[in-house]
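Observations on the three-dimensional arrangement
In case you want the letters, here they are:
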Amino acid sequence: MSTPLICHFEPLDTWFFREARPHGSVGNSELGSVFPPPMRTLLGALRTLIGDVWHTRHGGDWRSFADNRELQALIGFGDDLGPLRANGPFLLRNGERLYPAPANLMVKEQDGQRHYFLLDLGSPVLCDIGRVHLPTFPAQVAVLGNNLAGSQSASDCWLTHSGMQELLQGKAPAANEVIAHNEILNEEPRLGIGRDNQRHSVQEGLLYQTRHIRLQPGVSVELHLHGLSDASLLPQHTTLRLGGEGRQAALSVSAQAPALPSATHAIPPGGVFALYHLTPAPCTSGQPAGIPCGFVRSTHQGADCWEGTLAGQQLRILTVACARPLREGGWDLASHQARAVQSLLAPGSVLYVQNLSGGPLPTNAFSTLADATGRGQCIAGRLPASTTFKA
């Protein structure tokens, strides 16, 4: 893949990335904001900026875009990104990249301190999807012992680079390597009114509530853009409109980004490892959450599992730890209609996987798995050090 352009987005005020529900939906009067922003929203802002610069140089405007083959060859058309490819989005805090805390990370507070530990791969149990392995508490945890009652999921947090590196070695991160949600952003409720643009007045009885996000100082969003043949079409420093209500964002573009963390040892044949999702991934219709397309249910050692190929590697998925799926919709500007709402596996989801490829598996084998919009990017690491599962 070509050297990417690293695009940093920083808010100038609040942001709003509308969740996939209509105003006035049953049971709710307030719409929340999705975060991190959907990749389609970020790419849309960049493609619009590239097109604006192109029009400034060559003349014309967006009304002729459907017939403008030269510009389409640069940025694609509609859902077709043309030559463009992206990775991310990632969060940055004071210049350091953060990673979504995995769904198998737990926390317990004791004596005023937070202690983190990872879920093990448990023995098969019978549940609604069959007789399967499930993530389970370890027998004991250093400091906490076997007193794990009251532990909670830490999946709404973020990990530093060093914390993610520890995770890939099968170790729980230290408390100072876990960044809480409120250290990243605050939420601000807003009340709005419906407008009648023809009469230049308000529409009587139309009130709506939204919940904007305000990032903490030093927090920004990063996207890696590949395939732009003329990098000068993307200004190094500018402002643009981003997300709902066209809120302002500062954009800066550079050419360097830190490498992803990685485990230090390859995965041996038959070895069991954890596959961590860094970005959302499409949910497969008819499959349990987290099982990729093309995987087939089978049985191994008396437990149901799923076998198939991912990134060219033959794998057996033993279980999945995941949060509630994301729901993503939006508005299709090219077709002038709402997009069908799609379910996505949330970042931080974890697959417990066995290597069936017959040879050692590099831990970076899945880092380039993502599609053109960045969905499905993963990194592999060791199982929690306390796991006693035998393949």
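Preceding block: the structure.
Numbers given for residues are sequential positions, taken from 1 along each chain in its written order. pLDDT decides what is reported in this predicted model: residues at 70 or higher carry local features, side-chain atom pairs at 80 or more are listed and counted, and totals for whole chains, interfaces and linings draw on all residues regardless. Side-chain calculation: all heavy atoms of the structure are included, whereas hydrogens and water are not.

With that out of the way, let us pick up the side chain of T284. Runs of H or I in DSSP of at least four residues are treated as helices and runs of E of at least two as strands, each being numbered from the N terminus. Take T284: it is sitting in the loop between β18 (281–282) and β19 (296–300). Three exposure classes are used, based on accessible area relative to the maximum for each residue type with a 1.4 Å probe and protein chains only: buried under 20%, partly exposed in between, and exposed over 50%. A residue is classified by how much of its surface remains accessible, and T284, at 19% relative accessible area, is buried. Within the local environment of T284, its side chain forms a polar contact with the backbone nitrogen of C293, the two atoms lying 3.1 Å apart. Whether two residues touch is decided by their heavy atoms; if any such pair falls within 4.5 Å, the residues are in contact. Those residues in contact with T284, other than ones at most four positions away along the chain, are I291, P292 and C293. Throughout this description, a polar contact denotes any pair of N or O atoms lying within 3.5 Å of each other; where both atoms belong to protein, one of them has to be capable of donating a hydrogen while the other can accept it, and for residues adjacent in sequence the pair is counted only when both atoms sit in side chains.

Another aspect to go through is helix α1 (residues 39–58). Helix length check: α1 (20 residues) gives 28 Å between terminal C-alpha atoms against 28 Å at 1.5 Å per residue, within 8%. Inspection of α1 places M39, L42, L43, A45, L46, R47, L49, I50, G51, V53, W54 and H55 among the buried residues, and these make up the whole buried set. The secondary structure elements touched by the buried residues of α1 are β1 (5–11), α2 (69–75), β3 (85–93), β14 (219–226), β15 (237–242) and β16 (247–254). Once α1 finishes, G59 follows within two positions and takes phi at roughly 85°, a positive value. In this scheme, a helix's expected span is set at 1.5 Å multiplied by one less than its residue total.

It is worth spelling out the pairing of strand β26 (residues 350–355) at this point. Counted residue by residue, β26 has 6 buried out of 6 residues, so it is predominantly covered. Of the two faces of β26, the one carrying V350, Y352 and Q354 and the one carrying L351, V353 and N355 are both buried. Whether two strands pair comes down to DSSP finding at least two bridges between them. Of the pairings in the sheet, the one linking strand β17 (residues 272–277) to β26 comprises 5 bridges and is antiparallel in character. Residue pairing across strands places L275 opposite L351, the latter belonging to β26. Looking at chain direction, strand β21 (residues 313–321) and β26 are connected through 6 bridges and run antiparallel. Within β26, the position partnered with V320 by the bridge is L351.

Any functional reading would require information beyond the geometric quantities listed.
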